[in-house]
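Geometric and topological summary
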Amino acid sequence: HDPYERILERSDSGCDGLPDNSINPGDYTTENPNTKASWHFDQHGIVSSWPTTSGDNISICIIDTGASDNQDNLGSQFNQGMSTNRTVTKVSTLYTGWWIWRTLTSPNDNCGHGTSMAGLATAPRGIDGNATGVAYNSDLLSIKAVEDVIINTSDEKEGVRDALFMAGNSANKIISMSIGTPFYSSTVADGIYYAYNNNKLIFAAAGTSLSWTSWYPVIFPANMSQCNAVTGVKDNDHTVKCNTCHSGPEVMFTSPTERLSDSDRKIVALALSTNQPRY
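Described in the following lines is the structure provided in the data block. (Residues numbered from 1 in each chain as written. Predicted model: local features only at pLDDT ≥ 70, side-chain atom pairs only at ≥ 80, totals over all residues. Heavy atoms only, no water.)

**Description of helix α4 (residues 113-122)**
Under the convention used in this document: Exposure is judged per residue with a 1.4 Å probe applied to protein chains only, and the accessible area is read against the type maximum: over 50% gives exposed, under 20% gives buried, and values in between give partly exposed. Per the convention used, a helix needs a DSSP run of H or I reaching at least four residues, while a strand needs a run of E reaching at least two, with both numbered from the N terminus. By definition in these notes, contact holds between two residues if any of their heavy atoms fall within 4.5 Å.
Burial within α4 is extensive, with 9 of its 10 residues counted as buried. Lining the buried residues of α4 we find α2 (40-43), β3 (59-64) and β7 (139-144).

What follows is the structure, given as structure tokens:
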């Protein structure tokens, strides 16, 4: 299969990395030198905070579906414009195959979700017109641990555990996991305990699903006390969760993720390739 065909097949599992040529110009601001800041940045005061901090000397770990090797803003162009002197590391902890044929997968993202999450955190404040990240001077550790956003196979559970062990032993201070499952896994929990006991700040998705199942409570591992559960809300009314977002008492942090007037207008982030971002 063509990689983009696989993305479309898994679109109901958080995979959709294709560029979007219909982004509303009201959904980003153009910041120096030539970069797009997603509309939700201003609702967190992010752009106004950049003169004080932009993530310099901080390393962020994204445990997700990897980072695309076709997105140069997470590769050869990671340092450009106002993003300088930083590093990007891409590894995989996700195995595939069986017995003696079992091998690690490539750290490359064939889903799109990990690329967007890594981009939202650390994409450069560059010159190419692409979407920038919140902490555009941070180092990035991208660990591919899952094929899509649902942690459901044994390989994925072990991949997430091993990613948390790796992150727990690294110099990074922050771990972001926009992945999860409705079901508890002791394998994944072992990794959470290890990273937490090594003083890592862990953010995890409270969950997103079809609108008619978004009543489900906060999913695992975000419902663990060692994690800070994050969910999405509407712009202009932060008491209203996004159409497919989960909520519950474990939620510690919210971010506007879609327009109140149009739920298709979401956060602007990196696509799998090109300098044209996506919703």
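**Looking at the side chain of Arg259**
Our working definition: Think of a polar contact as two N or O atoms within 3.5 Å of one another; within protein, one of them needs to be a possible hydrogen donor and the other a possible acceptor, and neighboring residues in sequence only count if both atoms come from side chains.
Position of Arg259 relative to the elements: it lies in the segment after β12 (251-258). A polar contact is formed between the side chain of Arg259 and the side chain of Asp27, at a distance of 3.0 Å. Not counting the four nearest positions on each side in its chain, Arg259 is found in contact with Gly26, Asp27, Trp39, Gln43, Lys234, Asp235 and Arg265.

**So, the nonpolar core**
Applicable threshold: What we call a nonpolar core is a set of buried Ala, Val, Leu, Ile, Met, Phe, Trp, Tyr and Cys residues that are connected through their side-chain atoms within 4.5 Å.
If you look at the biggest cluster of nonpolar residues, it comprises 28 residues, and the most contacted ones within it are Ile63, Val160, Leu164, Ile175, Met177, Ile179 and Ile192. Among the secondary structure elements, those contributing two or more residues to this core are β3, β7, α5 (154-168), β8 (174-177), α6 (186-197) and β9 (201-205). Those residues within four positions of Ile192 in sequence are excluded, and the remaining contacts are Leu164, Met177, Ile202, Pro221, Met224, Gln226 and Cys227. Grouped together as the second largest cluster of nonpolar side chains are 11 residues, Ile62, Ala67, Ala121 and Ala135 included.

**Observations regarding the pattern of salt bridges**
Pairing between side chains of opposite charge can happen when the charged atoms of each approach one another. Formally: The term salt bridge refers to a side-chain nitrogen of Lys or Arg lying within 4 Å of a carboxyl oxygen of Asp or Glu.
With the rule as written, the count across this model stands at 8 salt bridges. With a shortest N-O distance of 2.9 Å, Lys266 and Glu258 are connected by a salt bridge. Take Lys266: its relative accessible area is 33%, and that puts it in the partly exposed class. The exposure class of Glu258 is buried, given its relative accessible area of 2%.

**Brief notes about the environment of Ser176**
Counting through the fold element by element, Ser176 comes out in strand β8. Sequence separation of Ser176 and Ile202 is 26 residues, and the distance between their C-alpha atoms is 6.0 Å. Beyond its immediate stretch of four places on either side in the chain, Ser176 contacts Cys61, Ile62, Ile63 and Phe203.

**Some words on the state of the cysteines**
The test is simple: Defined by distance alone, a disulfide is two cysteine sulfur atoms within 2.5 Å.
Under the counting rule described, the total for this entry stands at 2 disulfides. The residue that forms a disulfide with Cys15 is Cys111, at a sulfur-sulfur distance of 2.1 Å. For the disulfide bridge between Cys15 and Cys111, the dihedral angle about the S-S bond is near -105 degrees, and by the sign convention the bridge is left-handed. In this pair, Cys15 is assigned in the loop between α1 (3-9) and β1 (28-31) and Cys111 in the loop between β6 (103-104) and α4, connecting sequence segments 96 residues apart. Here Cys15 and Cys111 have matching classes, each one buried. Between Cys242 and Cys245 runs a disulfide, and the two sulfur atoms are separated by 1.8 Å. Around the S-S axis, the bridge from Cys242 to Cys245 shows a dihedral of about 90 degrees and counts as right-handed. Residues Cys242 and Cys245 agree in their burial class; the two are buried. If the cysteines joined by disulfides in the protein chain are listed in sequence order, their pairing comes out as 1-2, 3-4. Free cysteine: Cys61, not disulfide-bonded; nearest cysteine sulfur from Cys227 at 13 Å.

**Describing the packing of aromatic side chains**
How we decide: By convention, a stacked pair of Phe, Tyr or Trp rings (six-membered ring in the case of Trp) has centres within 6.5 Å and planes under 30 degrees apart, an edge-to-face pair has planes over 60 apart, and any other such pair is tilted. We call a charge positioned over a ring when the NZ of a Lys or the CZ of an Arg lies within 6 Å of the ring centre and within 35 degrees of the ring normal.
Using the criterion set out here, one finds 8 aromatic pairs in the structure. Summarising the aromatic geometry, the rings of Phe41 and Trp50 are spaced 6.1 Å apart at their centres and angled 90 degrees between planes, so their arrangement reads as edge-to-face. Exposure class is identical for Phe41 and Trp50. Each is buried. Taking the centre distance of 5.0 Å and the plane angle of 70 degrees together, the rings of Phe165 and Tyr194 count as edge-to-face. Here the residue Phe165 occupies a position in helix α5, and Tyr194 occupies one in helix α6, the gap between them amounting to 29 residues. Judged by its relative accessible area of 29%, Phe165 is partly exposed. Put simply, the rings of Phe41, Trp50 and Tyr136 pair up and form one aromatic cluster. Over the ring of Tyr28 we find Lys36, and its NZ or CZ is 5.3 Å from the ring centre. Geometry around Phe78 places Arg86 over its ring, the cationic atom sitting 3.5 Å from the centre.

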